[in-house]
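Notes for the structure review
Given next are the chains, with one letter for each unit.
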Amino acid sequence: MAGLIANTELLRKLLVGFVKDEVRKVGISKVVLGLSGGIDSALVAFIAAEALGPENVHAICMPYSSSNPESEAHARLVAMSCGINFSVLPITAMVDAYFGMFPVADNMRRGNKMARERMTILFDHSALLHALVLGTSNKTELLLGYGTLYGDMASALNPIGDIYKSQVWQLSAAMGIPAAVIEKQPSADLWAGQTDEEELGFSYRQADELLYQMVDQRLTKPELVAAGFGREFVETIYSKIQSSHFKRRLPIIAKVSNRTIDRDFRYARDWGK
Amino acid sequence: MDFTAVLAQTKPKLGCVADNLAAIKEQVVKAREAGADLIVFPELALSGYFLKDLVPEVALRINSPEISGLVELSTGISIAIGFVEETDDYHFFNSALYLENGKIRHLHRKVYLPTYGLFDEQRYLAHGESFRAFDTKFGRFGMLICEDMWHLSASYILAMDGATTLICLSSSPARGIDGDSLGSASAWQKLVSTTAMFLNCRVLYSNRVGFEDGVNFWGGSEYIAPSGESIARGALLEEDFVTARVAEGALRRERIFSPMMRDENLFVTMQELGRIAHERRR
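Rules of the game
- Residues numbered from 1 in each chain as written.
- Chains lettered and ligands numbered in written order.
- Predicted model: local features only at pLDDT ≥ 70, side-chain atom pairs only at ≥ 80, totals over all residues.
- Helix = DSSP H or I, 4+ residues; strand = E, 2+ residues; numbered from the N terminus.
- Rg over C-alpha atoms; globule rule 2.2 N^0.38 Å.
- Buried ≥ 20, exposed ≤ 12 C-beta atoms within 10 Å, placed from the backbone.
- Axes fitted to C-alpha atoms, helices over the stretch in contact; angles between N-to-C directions.
- Parallel < 35°, antiparallel > 145°, perpendicular 65-115°, else oblique.
- Contact = placed C-beta atoms within 7 Å.
- Nonpolar A, V, L, I, M, F, W, Y, C, P; charged D, E, K, R; others polar.
- Expected span 1.5 Å × (residues − 1).
- Arc of directions from axis to C-beta.
- Pairing = 2+ DSSP bridges.
- Core = buried A, V, L, I, M, F, W, Y, C linked by C-beta atoms within 7 Å.
- Right-handed = clockwise from strand over helix to strand, strands pointing away.

Helix and strand counts for chain B come out as 9 helices and 14 strands. Taking 282 residues into account, the globule formula puts the C-alpha radius of gyration at 19 Å, and chain B, at 18 Å, falls close to it. Across its three principal directions, the C-alpha atoms of chain B cover 50 × 50 × 45 Å. Split into buried and exposed, the 282 residues of chain B put 47% on the buried side.

Below, the discussion takes up the packing of helix H1 (residues 8-24) of chain A against helix H7 (residues 165-174) of chain A. All names here are of chain A. Where H1 contacts H7, the two axes come as close as 10 Å, and the packing angle between them is 90°. With respect to H7, the element H1 is oriented roughly perpendicular. Of the residues in H7, those in contact with Thr8, Leu11 and Arg12 of H1 are Gln170, Leu171 and Ala174. Its residues placed into classes, the contact of H1 with H7 shows 3 nonpolar, 2 polar and 1 charged.

Residues and elements named next belong to chain B. An ideal rise of 1.5 Å per residue puts 24 Å on 17 residues; helix H1 (residues 17-33) measures up with 24 Å between its terminal C-alpha atoms. Of the positions making up H1, those classed as buried are Val17, Asn20, Leu21, Ile24, Val28 and Ala31. Axial view of H1: buried residues confined to an arc of 100°, hence all on one face. Residues of H1 that are exposed and point more than 90 degrees away from the buried face comprise Ala18, Ala22, Glu26 and Glu33. The inward-facing, buried residues of H1 abut strand E1 (3-9), strand E2 (38-40), helix H2 (55-58), helix H3 (65-73) and strand E3 (78-86). Positive backbone phi, approximately 90°, marks Gly35, located one or two places after H1.

Attention now goes to the sheet that holds strand E1 (residues 30-34) of chain A. Each strand in a sheet pairs with another by means of backbone hydrogen bonds, the pair being arranged parallel or else antiparallel. All names here are of chain A. Reading across from one edge, E3-E2-E1-E4 is the order of the 4 strands in this open sheet, with parallel pairing throughout. Each edge of the sheet is formed by a strand with only one pairing partner; in this case those strands are strand E3 (85-88) and strand E4 (131-133). Here the average twist between neighbouring strands, direction ignored, is 25°. Sheet topology places strand E2 (residues 57-61) next to E3; 4 bridges connect them, and they run parallel. The residue bridging Ile60 from the neighbouring strand is Ser87, located in E3.

This next bit is on H1 of chain A. Between its terminal C-alpha atoms H1 of chain A stretches 24 Å, which fits the 24 Å expected from 17 residues at 1.5 Å a residue. Looking only at H1 of chain A, the buried set comprises Leu10, Leu11, Leu14, Leu15, Gly17, Phe18, Val19, Asp21, Glu22 and Val23 of chain A. Those residues of H1 of chain A that are buried lie in contact with E1, helix H2 (39-52), E4 and H7 of chain A together with strand E10 (209-212) and strand E11 (215-218) of chain B.

To continue, consider the interface of chain A and chain B. Tallying the contact residues gives 22 residues for chain A and 21 residues for chain B. Among the residues making up the side of chain A that touches chain B, the classes are represented as 11 nonpolar, 4 polar and 7 charged.

This brings us to the nonpolar core. Nonpolar side chains tend to gather and get buried jointly when the protein is soluble and globular. One finds Ala45 and Ala48 of chain A together with Ile39, Val40 and Ile81 of chain B to be the most contacted residues of the largest nonpolar core, which totals 148 residues. Element by element, the count of residues in this core is highest for H2 of chain A, at 11 residues. Setting aside residues up to four positions removed in sequence, Ile81 of chain B forms contacts with Ile24, Phe41, Ala45, Leu46, Leu70, Ala96 and Leu97 of chain B.

What follows deals with the pairing of strand E8 (residues 165-170) of chain B. All names here are of chain B. In terms of burial, E8 is largely enclosed, as 6 of its 6 residues are buried. Burial of E8 is two-sided: the residues Thr165, Ile167 and Leu169 facing one way and the residues Leu166, Cys168 and Ser170 facing the other way are all buried. Taken together, the 5 bridges between strand E7 (residues 139-145) and E8 define a ladder with parallel strand orientation. Note on E8: the bridge partner recorded for Met143 is Ile167. In this region the chain leaves E7, passes through helix H5 (residues 152-160) and returns to the parallel neighbour E8; the handedness of that crossover is right-handed. Pairing of E8 with strand E9 (residues 202-207), which is carried by 6 bridges, proceeds in the parallel orientation. Across the sheet, Cys168 pairs through a bridge with Tyr205, a residue of E9. Crossover E8 to E9 through helix H6 (residues 183-199) is right-handed.

All names here are of chain B. The 6 strands lie next to each other as E6-E7-E8-E9-E12-E13, forming an open sheet whose pairing is mixed. Here the strands that pair on one side only, and so sit at the sheet edges, are strand E6 (134-136) and strand E13 (230-233). The mean angle between the axes of side-by-side strands here comes to 25°, regardless of whether they run parallel or antiparallel.

Right, dumping it as structure tokens:
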């Protein structure tokens, strides 16, 4: 679909410029990010390395005992190929210590806990290294709510939050991310054999085409069905966007004063920058 | 007459009037020393764009020390600049000043305040109510602020009022990554070129750069000859200092080749617009 084909040269320039400008204007020169071995964090690492110089980018791989060992190998490969700082910090001890108190916890609780454990490590390193935390959630995940609130969705700046997974693939190829990372099945890697597309029940390419028409082009549901999307698929995606909307907003505040934060007290985050 | 214009493609700091003013003064001096006759800054160059509740904090009266300082600087070089204007009745406008020979030659208040998509100007600002051409050392000019130019009537009125040069001060955000070039840049390039051609006017377009909360302003400031041809264009997404040599002869020749403005029938236009207004009232 034409609208999903990105001009990768232009996109690269915009996203590299974004990281350079938004990091430096707050008086910081470094960033830290979690490197999972997947394509989204690989792309953010490459963008950050180009924007700030690889010596200013710190990537941390945070495997759990059930993580696929290939993930760490791929994270290492990505870090080596763009020359950024790399360390491995397993989260097994912390997560297991907690679930020792809740041995019957299901996969969702465990997955969320792991994502939030990683978040606390990244924000601790933000203070340690005087570095901003880069987010690695793409537009597809953000719209579908396929992420953990205050976990992998937490960051100071997200360079790829307005590009779909299909565009992540295109830009990754253009920026020379190792083929093994581009070609593998996307996975949250929270348990063995998990793949995003199996869990979601549709492919990213299908979802992206529909999301693009629905969100960016604002086609109505009847128009989407007339364009060939299954009625049930349209309803599923629409309700995923709606039911996950809370994840994309700040906590709501009970209004009692004349100026409530974010409602009638409105300032850009770049205020004074 | 021939003159040299500089399009100062700046990167204002959001809400920092003192810092922006200092940088603007440096650019004015630099342009004057380079022999320029006119320097054009972007929309809201003194304050930054996504001001929201900062509007009253960054607003300036036209007799404020900040504006007076710029007026004084205009003895050696003419200056067009955008800022938030505060009036005696405490309205806030997205305004542009044209300064010449140590005087305010013209004040334009943005008429069309975009309030859709990523824009929210009407929430914070009052809208202007006129488009007026004005005389300068370099001929008769008209000023537009960004969205104003997307309304055909705005440029048309200025051209009918005798303007042969349109200055547009802009803070246009970058968006659209699926084409050969940036979507918003292509759209603007078509707009300024077509406007120049329709009205046999030159266009001096000054657009800012830099990021505000992830929104990137794309630059690409441009001088368009009355033929619609782009004569000078600034860098995309980076600060720039675009020097444009504006030739009087090109304007004269274009108006001889394509005398559409001579033939434009103001009477027919007024008659039909009057009829439409009358019918709408019913």
